[in-house]
Amino acid sequence: MSNMTGSEPLAARARQLVQAGEWQQAADALRQLISEVTGVAAGQLTINRDQYSLNSLNGTVTLDDGRALFFKYHNEEGEDKTIEEYYNAELLRESGFRVDVPVYACGEPGRQILMYTLRHDRRMADICRDIEQQQAWDQEEEIEEAQRRADRDILTHTLPTLKAATVSAVAAEPIHQLFHHRLISPDNPEITAGFGGRVARFYVDKTFRLEDEELEWQTLSNLRWVINGVAYQHSLRQLFAEAGIRLAPAALAGHGVITAHGDAHNANVWYDTHEEIPQLVSFDPAFAGRNIPALLAEIKATFHNIFAHPLWLYEPSRCGELYKVTVMRRGDTLFVDHNWQLTPLRAAFLRYKGEEYWQPLLAQLARRGWLPPHWQRIFRLAMFCCPTLVLDLRAGGFSGHTPTSSALGLAMAVMLGSEPVEDRDEFSGWLGGLV
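Predicted model, so just to flag it, every value in this text is computed and none were measured.

**Re the pattern of salt bridges**
Taken as a whole, this structure holds 25 salt bridges when the rule is applied. Of the charged contacts, one joins aspartate 65 and arginine 67 as a salt bridge, the two residues approaching to 2.9 Å between their closest N and O atoms. A relative accessible area of 42% places aspartate 65 in the partly exposed class. Of the charged contacts in the structure, one is a salt bridge between glutamate 242 and arginine 246, with a shortest N-O distance of 2.8 Å. Of this pair, glutamate 242 and arginine 246 both sit in helix 9 (residues 236–246), four residues apart, which is roughly one turn of the helix. Classification of arginine 246 by relative accessible area gives partly exposed; the value is 28%. Via salt bridges that share partners, Glu242, Arg246, Arg377, Arg380 and Glu419 belong to a single interconnected network.

If you want it as C-alpha cells, here you go:
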C-alpha cells in the first residue's frame, strides 16, 4: 500500500500513486483535480498504460456535461512546464503548424494538467507499430505519404521563421530540457558538463550487464567499441563530454533559430482522417518555442520515428524475441554484434526526413553563413542523447531494460554519436543520405 498522506498536490499525488501501482487511487486524485479545473464534475476516467508515456500521465475522462476529454500531466525532475504547452500550441498554430490546442490548462505546481477535446484518431506511432507487428506492408504506402507530407509541411512553416537570436533568447527555450539540462547538475558545479543530470542518475558509478558481460561505469565508459565488425572513434565518456560542450545553449546560439514543436515524434502526433487526405496533427508542444536552435528542432522526431524501432527502446523486454546480440570485451575494446536493421517503413521515413526537411534546411543555413563546420558532430551528439537521456538504458535500472536491450541500445547510441575509425558503416550511409 502507498504511504501517501493526501497532502500532496493532486497531479503530483497521482503520479506518485501510479509509480506505486495504485491506479484506482491515482484516477480518483485526477478526477478531483479535473473537476476543480473545469468546474464540472468528472465521471469515468481512464489512465492510459502505454510504452510511449515516458515522462507523463495521460488518459481520457468524461465530464458530467457529456464532454469527453483527453488529459495529460507532464512533469520531469525539477520541471513545472505543463502550462507553457498551452501557449506553445497557440504559438505553433499562429505560425501555420497543424497542432492540437488544449481547451483547459492548469499550471499550478503539482497540479499541472492539460485537457484536449477527445479525438478518436490514432497516434501515428501506434499505426506504425501495428504495420510492423503484423507485417502489413500493403498499408505502408499511405502512411509513408502522410509522413512525407508532414515533413514537407514542417519545413514550409519552419523556413519563414529562420533568424538570428541572442544567447539569452536561445538559452530560455525549454527544448534544452531534453538535451543539455539532462547533461548538467547546476546545483553541483563540481560535476563536469556531460556527466551531471540524468547521466549521473542513470550511469555514472553504476554496474552494467550487457549480455554475458558485467562492467563498471569506470571501465565501460572508457572502452572503444567495435560494432558488427566496425571500429568507432569515441568512447561513451568522450561522447557525453563532447555533448556537454557542443549542445550547450550558448554553443548553439550562433547557428540560426526557428519556430518549432521540438518534440514532434509520432507518439505526439495524431493520424487525422477527417480530411480527404489524411494529415498528421501534433500535440504535446511542451518544448516548442520561437528561438529553437535550427540544428536541434527535429532531432527528437528523427531519432524516435526511425531509429527507436522496432520496439527495442519502448518495449525492451521483447528484445530477446526479435534480436540476437552478442557482447565480448577484449582489453580496452568492447565487441558487439547484433542483427537490428531498419524496417522498410523506417527506411522510407529516413529518406523523406532527409529529402523534405534536413537537406533543404541545411542548405538554407549554409546560404546564410549559419552552418558551422562541426555541424555533423552537433547532429550526431544530439542523436546520441535521444536514447541515452530519455530512458535509463542500463539493465536493472529505472526503465526495465534487459542485458540484451541495454547492449543493443548503447551500441546504437554509439553508432549514432560516433564515426567509424576507417570505413563507412551502415549508419554512416543512412545518415549521409539523411543530411
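After presenting the structure, the write-up continues.
**Side note on the packing of helix 5 (residues 140–158) against helix 13 (residues 344–367)**
Contact geometry for helix 5 and helix 13: axes closest at 9 Å, N-to-C directions at 20°. Considering their axes alone, helix 5 and helix 13 lie roughly parallel with respect to each other. Crossing angle aside, the handedness with which helix 5 passes helix 13 is right-handed. From helix 5, Glu140, Ile143, Glu144, Glu145, Gln147, Arg148, Asp151, Arg152, Ile154, Leu155 and Thr158 reach across to helix 13, where they touch Pro344, Leu345, Ala348, Phe349, Tyr352, Lys353, Glu355, Glu356, Tyr357, Pro360 and Leu361. Residue composition of the contact of helix 5 with helix 13, grouped by class: eleven nonpolar, two polar and nine charged.

**Here we look at the sheet that holds strand 6 (residues 122–123)**
If you trace the three strands from one edge of the open sheet to the other, you get 6-12-13, paired in antiparallel fashion. Bordering the open sheet on either side are strand 6 and strand 13 (279–282), each of which pairs with just one other strand. As judged from the four bridges shared by strand 12 (residues 269–272) and strand 13, these two strands associate in the antiparallel manner. Along strand 13, the bridge assignment pairs tyrosine 271 with leucine 280.

**Considerations on the sheet that holds strand 10 (residues 230–231)**
If you trace the four strands from one edge of the open sheet to the other, you get 10-9-16-15, paired in mixed fashion. Among the strands making up the open sheet, the edge pair consists of strand 10 and strand 15 (325–330). Examined bridge by bridge, strand 15 and strand 16 (residues 333–338) share six bridges and lie antiparallel to one another. In the strand pairing of strand 16, arginine 329 is matched with leucine 334. Packing against the sheet, helix 15 (residues 403–417) makes contact with strand 9 (224–227), strand 15 and strand 16, and its axis sits at approximately 100° to strand 9.

**A short note on the confidence of the model for the protein**
Summary statistics for the protein give a mean pLDDT of 91 and a share of 93% for residues scoring 70 or more. Scored below 50 in pLDDT, residues 1–6 shows seven contacts in the model against residues more than four places distant or in partner chains.

**A closer look at the packing of aromatic side chains**
Summed over the entire model, instances satisfying the criterion amount to 15 aromatic pairs. Aromatic pair tyrosine 203 and phenylalanine 208: ring centres 6.1 Å apart, planes at 20°, arrangement stacked. No difference in accessibility class separates tyrosine 203 from phenylalanine 208, as the two residues are buried. Sitting above the plane of the phenylalanine 398 ring, arginine 201 keeps its charged end 4.4 Å from the centroid. The positively charged end of lysine 353 is found above the aromatic ring belonging to tyrosine 357, 5.8 Å away from the centroid.

**Here's the deal with the nonpolar core**
Side chains of a nonpolar character, in soluble globular proteins, are inclined to be buried together. Core analysis: the biggest nonpolar cluster contains 100 residues, and Phe179, Leu220, Trp225, Phe307 and Trp312 have the highest contact counts within it. Broken down by element, the residue count for this core peaks at eleven residues, all from helix 14 (residues 375–390). When residues of this core are assigned to domains, at least three fall in each of domain 1 (10–117) and domain 2 (124–433). Not counting the four nearest positions on each side in its chain, leucine 220 is found in contact with Phe208, Leu210, Leu215, Trp225, Leu236, Leu334 and Leu410. Grouped together as the second largest cluster of nonpolar side chains are 26 residues, Val40, Ala42, Phe71 and Met115 included.

**Some points on the domain arrangement of the protein**
Taken as a whole, the protein is organised into domain 1 (10–117) and domain 2 (124–433). Just the C-alpha atoms count here: the centres of domain 1 and domain 2 sit 26 Å apart. For the pair domain 1 and domain 2, the two sides together bury roughly 2600 Å², of which 58% comes from carbon and sulfur. Joining domain 1 to domain 2, the criterion identifies three salt bridges. Notably, a salt bridge pairs glutamate 94 with arginine 290, separated by 4.0 Å at the nearest N-O pair. In this structure, the connection of domain 1 to domain 2 is made through nine residue pairs in polar contact (both at pLDDT 80 or more). Elements that contribute at least two residues to the side of domain 1 that touches domain 2 include exactly strand 3 (68–74) and helix 3 (82–94). If one sorts the elements of the side of domain 1 that touches domain 2 by residue count, helix 3 sits on top with seven residues.

Rules and cut-offs
Residues numbered from 1 in each chain as written. Predicted model: local features only at pLDDT ≥ 70, side-chain atom pairs only at ≥ 80, totals over all residues. Heavy atoms only, no water. Salt bridge = Lys/Arg side-chain N within 4 Å of Asp/Glu carboxyl O. Buried < 20%, exposed > 50% of the residue type's maximum accessible area, 1.4 Å probe, protein only. Helix = DSSP H or I, 4+ residues; strand = E, 2+ residues; numbered from the N terminus. Axes fitted to C-alpha atoms, helices over the stretch in contact; angles between N-to-C directions. Parallel < 35°, antiparallel > 145°, perpendicular 65-115°, else oblique. Left-handed = near helix turned anticlockwise from the far one by under 90°. Contact = heavy atoms within 4.5 Å. Nonpolar A, V, L, I, M, F, W, Y, C, P; charged D, E, K, R; others polar. Pairing = 2+ DSSP bridges. pLDDT = per-residue confidence, 0-100. Phe/Tyr/Trp six-rings, centres within 6.5 Å; stacked < 30°, edge-to-face > 60°. Lys NZ or Arg CZ within 6 Å of the ring centre and 35° of its normal. Core = buried A, V, L, I, M, F, W, Y, C linked by side-chain atoms within 4.5 Å. Domains from an automatic or database assignment. Buried area = accessible area lost by both parts, 1.4 Å probe. Polar contact = N/O pair within 3.5 Å; in protein donor to acceptor, adjacent residues only side chain to side chain.

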